[in-house]
Amino acid sequence: MNSGGSGGGGLSTSSLSKKTKFDKNLGCISEESVDKDDDDDESEREHYLQHQQQTGDNDDEDEEEEKIIAQAMREVFVQVDRGLLDEAEIEPMYSGTTACVVLLRNNKLYISNCGDSRAVLARRSGKQPTSNANNRNDNNDSSSSSTDNETTNNITSNMSKSNTNSTTTPPPPTLTALSLSTDQNPDSPGEKERILHCGGYVSPPPEPGLSARVWLDASHTQIGLAMARSIGDHAVKGVGVIAEPVVTMHDLCEEEDEFMILATDGVWEFISSEDAVEIVARHLYNRGGDGGNNEEGDGNNDGCGIGAGAATDGGASIACEALIKAASEKWHEHEGDYRDDITAIVIRLKDLWT
């Protein structure tokens, strides 16, 4: 029986069949009655399936690339440590260094950290940080964790309000400090177990704020290194202090990630990650306040403009100098004339996209 009659304009049921159909709005494949002569949906379905297959292949390639880069970074650190033996002007037995290296590739940061230097990211707090999802640890040593990455605090930069210009400028961003690396202290989980297993000794911090230490003897009289990983310090290599870094990854968000701080333990001894971000932001996003009236804010932007709406920009170098000065003052306050190495780099991520 014909539903529309032999002479009418209706569609004959004999021309209908069940056929899979790709729904572009739903992003899925459904089944419905369609005209046998219409092959467009079948082509779309095939294209969709090919796209899904290609996406899976790309994910596998990305994962393989991540593993290759992480392994390369680990090997480089170890090779540099071994190469110190061939340097006539370097004595690596009782001296050493930390190292924190960040590689940017395809909007992904690869952070390789050995010791207690640290990399910190400043992110606009309008978007919830995804440290568990986006920050990944790719290490052969299963004891190396990135638990510090899960703790963040909101920071509102305390900018000067002294700008009397009638022009209204946008307020500075509210920032979150996100740790990209983990300090490898002698008493850190996994680090301490490795040292003890290798015959070393670990003493607890003598007081809050100070570091645990690695020793060669149970009496705690030999060496006393304040980190579990380092380049050099070969005197304690036999008791579990290694040069292999912890490698983590972070997917950058161009709209949210503002700047990054890389600094040695001399900065972090008395300054938290949150305080460091606040100090840098205060000078980096100067809105015509202190920066326009003193030597710290001379308007020099280092070629690092922060975009429309900024009345004055202290620049990354000015912000970095302010962080180093603040760390030095803290050392003088607590330790008098003594201070540890204070080295810092401030990188404004916005400049990488321009």
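This is a predicted model, so every value here is computed, not measured.

(A) The sheet that holds strand E11 (residues 213–215), seen in detail. Read from one edge to the other, the open sheet built from 3 strands follows the order E10-E11-E12, with strand pairing classed as antiparallel. Both edges of this open sheet fall to strand E10 (201–203) and strand E12 (223–225), since each of them pairs with a single strand only. Adjacent strand axes in the sheet meet at a mean angle of 30°, parallel and antiparallel pairs treated alike. With 2 bridges connecting them, E11 and E12 associate as antiparallel partners.

(B) Geometry of a negative patch on the surface. Together, Asp 59, Asp 60, Glu 61 and Asp 62 make up a region of like negative charge exposed at the surface. Mapping Glu 61 onto the fold places it in helix H1 (residues 40–83). Relative accessible area serves as the criterion here: at 52%, Glu 61 is assigned to the exposed category.

(C) Broad picture of the nonpolar core. One finds Phe 259, Ile 261, Val 267, Val 277, Val 280 and Leu 323 to be the most contacted residues of the largest nonpolar core, which totals 28 residues. Contributing elements (two or more residues each) for this core: strand E6 (118–124), strand E9 (174–179), strand E15 (257–263), helix H4 (265–268), helix H5 (273–284), helix H6 (316–335) and strand E16 (344–348). Of the residues forming this core, the biggest block, 8 residues, is contributed by H6. Ile 111, Ala 119, Leu 262 and Leu 349 belong to the second-largest nonpolar core, a separate cluster that totals 11 residues.

(D) View of the pattern of salt bridges. Under the defined criterion, the tally for this structure stands at 12 salt bridges. A salt bridge links Asp 81 to Lys 237; the shortest N-O distance between them is 3.8 Å. Residue Asp 81 is located in helix H1, and its partner Lys 237 is located in the loop between strand E13 (231–232) and strand E14 (246–251); the two are separated by 156 residues in the primary sequence. Measuring nitrogen to oxygen at the nearest pair gives 2.6 Å for the salt bridge that ties Asp 183 to Arg 118. Of this pair, Asp 183 sits in the loop between E9 and helix H3 (191–197) while Arg 118 sits in strand E6, and the two are 65 residues apart along the sequence. Its relative accessible area of 14% is what places Asp 183 among the buried residues.

(E) Molecular detail of H6. Here H6 spans 28 Å end to end across 20 residues, near enough to the 28 Å set by a 1.5 Å rise per residue. Every buried residue of H6 is listed here: Ala 316, Ile 318, Ala 319, Cys 320, Ala 322, Leu 323, Ala 326, Ala 327, Ser 328 and Trp 331. Residues of H6 that are buried sit in contact with E15, H4, H5 and E16. Phi turns positive one or two residues past the end of H6, at Gly 336, with a value near 75°.

(F) Looking closely at unusual backbone geometry. At Ile 223, a position not held by glycine, the phi torsion is positive, near 80°. Mapped onto the secondary structure, Ile 223 falls in strand E12. Positioned with a positive phi, Asp 233 is a non-glycine residue whose angle comes to about 50°. For Asp 233, a relative accessible area of 9% gives the class buried.

(G) Spotlight on the confidence of the model for the protein chain. Across the protein chain, pLDDT averages 75, with 62% of residues at or above 70. Confidence over residues 287–312 falls short of pLDDT 50; this stretch has 60 contacts with residues more than four positions distant or in other chains.

(H) View of the packing of aromatic side chains. In total, this model carries 3 aromatic pairs according to the counting rule given. An angle of 50° between the planes, with centres 6.2 Å apart, marks the rings of Phe 259 and Tyr 285 as tilted. In this pair, Phe 259 is assigned in strand E15 and Tyr 285 in the loop between H5 and H6, connecting sequence segments 26 residues apart. Like Phe 259, the residue Tyr 285 is buried in the burial classification.

Rules of the game
- Residues numbered from 1 in each chain as written.
- Predicted model: local features only at pLDDT ≥ 70, side-chain atom pairs only at ≥ 80, totals over all residues.
- Heavy atoms only, no water.
- Pairing = 2+ DSSP bridges.
- Helix = DSSP H or I, 4+ residues; strand = E, 2+ residues; numbered from the N terminus.
- Axes fitted to C-alpha atoms, helices over the stretch in contact; angles between N-to-C directions.
- Patch = residues over 30% accessible without salt bridge, like charges linked within 9 Å, V, L, I, M, F, W, Y side chains within 5 Å.
- Areas by Shrake-Rupley, 256 points an atom, 1.4 Å probe, with all protein chains shown as cover.
- Salt bridge = Lys/Arg side-chain N within 4 Å of Asp/Glu carboxyl O.
- Lys, Arg positive; Asp, Glu negative; His and termini not counted.
- Charge placed at Lys NZ, Arg CZ, Asp CG, Glu CD.
- Buried < 20%, exposed > 50% of the residue type's maximum accessible area, 1.4 Å probe, protein only.
- Core = buried A, V, L, I, M, F, W, Y, C linked by side-chain atoms within 4.5 Å.
- Expected span 1.5 Å × (residues − 1).
- Contact = heavy atoms within 4.5 Å.
- pLDDT = per-residue confidence, 0-100.
- Phe/Tyr/Trp six-rings, centres within 6.5 Å; stacked < 30°, edge-to-face > 60°.

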